[in-house]
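Spelled out, the chains give:
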Amino acid sequence: LKLAGITEYFATVDELGKPKKEFSKPVSAENIQDIVKQAATVDAIIVGWDHCLSALTIAVAENFIRWNEELAIETGGKEGGRIPIITCSSDLGGIVGRTPLDYP
């Protein structure tokens, strides 16, 4: 991302592409809140190839979406709002969503 000039982002991986430790923890309110504190301002959720997708990763994304929608309601639309979910992993090179032709 930095090579493309994108410097303000929060990711589930470190600079070398290795999964961050905090995303391997179990789902709990405390673990979700600890991660959200690291990136309190989120304006989009980008879904890419994540070979270590965890329940906590999904829970954090879900909470960003829900909390922003609730904030929009509470503030009359002055803050929060809908967060777009963007996929950049829809190519046919991966295994997600793929089954062989003879699959039951």
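Residues numbered from 1 in each chain as written. Predicted model: local features only at pLDDT ≥ 70, side-chain atom pairs only at ≥ 80, totals over all residues. Heavy atoms only, no water.

### Some points on the packing of helix H1 (residues 29-38) against helix H2 (residues 55-74)
At step 1: Axis separation between H1 and H2 bottoms out at 10 Å; the angle between their running directions is 65°. Between H1 and H2, the angle falls in the class roughly perpendicular. For the pair H1 and H2, the crossing hand works out as right-handed. Packed against H1, whose contacting residues are Asn31, Ile32, Ile35 and Val36, the element H2 presents Leu56, Ala59, Val60, Asn63, Phe64 and Trp67 at the interface.
At step 2: Partitioned by chemical class, the residues of the contact of H1 with H2 number eight nonpolar, two polar and no charged. (Axes fitted to C-alpha atoms, helices over the stretch in contact; angles between N-to-C directions. Helix = DSSP H or I, 4+ residues; strand = E, 2+ residues; numbered from the N terminus. Parallel < 35°, antiparallel > 145°, perpendicular 65-115°, else oblique. Left-handed = near helix turned anticlockwise from the far one by under 90°. Contact = heavy atoms within 4.5 Å. Nonpolar A, V, L, I, M, F, W, Y, C, P; charged D, E, K, R; others polar.)

### With respect to the nonpolar core
At step 1: One finds Ile32, Val42, Ile45, Val60 and Phe64 to be the most contacted residues of the largest nonpolar core, which totals 14 residues.
At step 2: Per element, the largest residue contribution to this core is six residues, and it comes from H2.
At step 3: Ile32 has contacts with Val27, Leu56, Ala59, Val60, Asn63 and Trp67, leaving out every residue within four places of it along the chain. (Core = buried A, V, L, I, M, F, W, Y, C linked by side-chain atoms within 4.5 Å. Buried < 20%, exposed > 50% of the residue type's maximum accessible area, 1.4 Å probe, protein only.)

### Description of the confidence of the model for the protein chain
At step 1: The predicted model of the protein chain has a mean per-residue pLDDT of 86, with 90% of residues at 70 or higher.
At step 2: Per-element confidence in the protein chain is highest for H1, whose mean pLDDT is 94, and lowest for strand S2 (residues 85-87), whose mean pLDDT is 85. (pLDDT = per-residue confidence, 0-100.)

### Some points on the pattern of salt bridges
At step 1: Within the structure shown, the criterion is met by two salt bridges.
At step 2: Lys2 is the partner of Glu15 in a salt bridge, and the nearest nitrogen-oxygen pair spans 3.3 Å. One end of the pair, Glu15, is in the segment before H1; the other, Lys2, is in the segment before H1, with 13 residues separating them in the sequence.
At step 3: By relative accessible area, Glu15 is classed as exposed at 60%.
At step 4: Ionic pairing is found between Glu62 and Arg66, a salt bridge with its closest N-O pair at 2.9 Å. Of this pair, Glu62 and Arg66 both sit in helix H2, four residues apart, which is roughly one turn of that helix.
At step 5: The partly exposed category is assigned to Glu62, whose relative accessible area is 35%. (Salt bridge = Lys/Arg side-chain N within 4 Å of Asp/Glu carboxyl O.)

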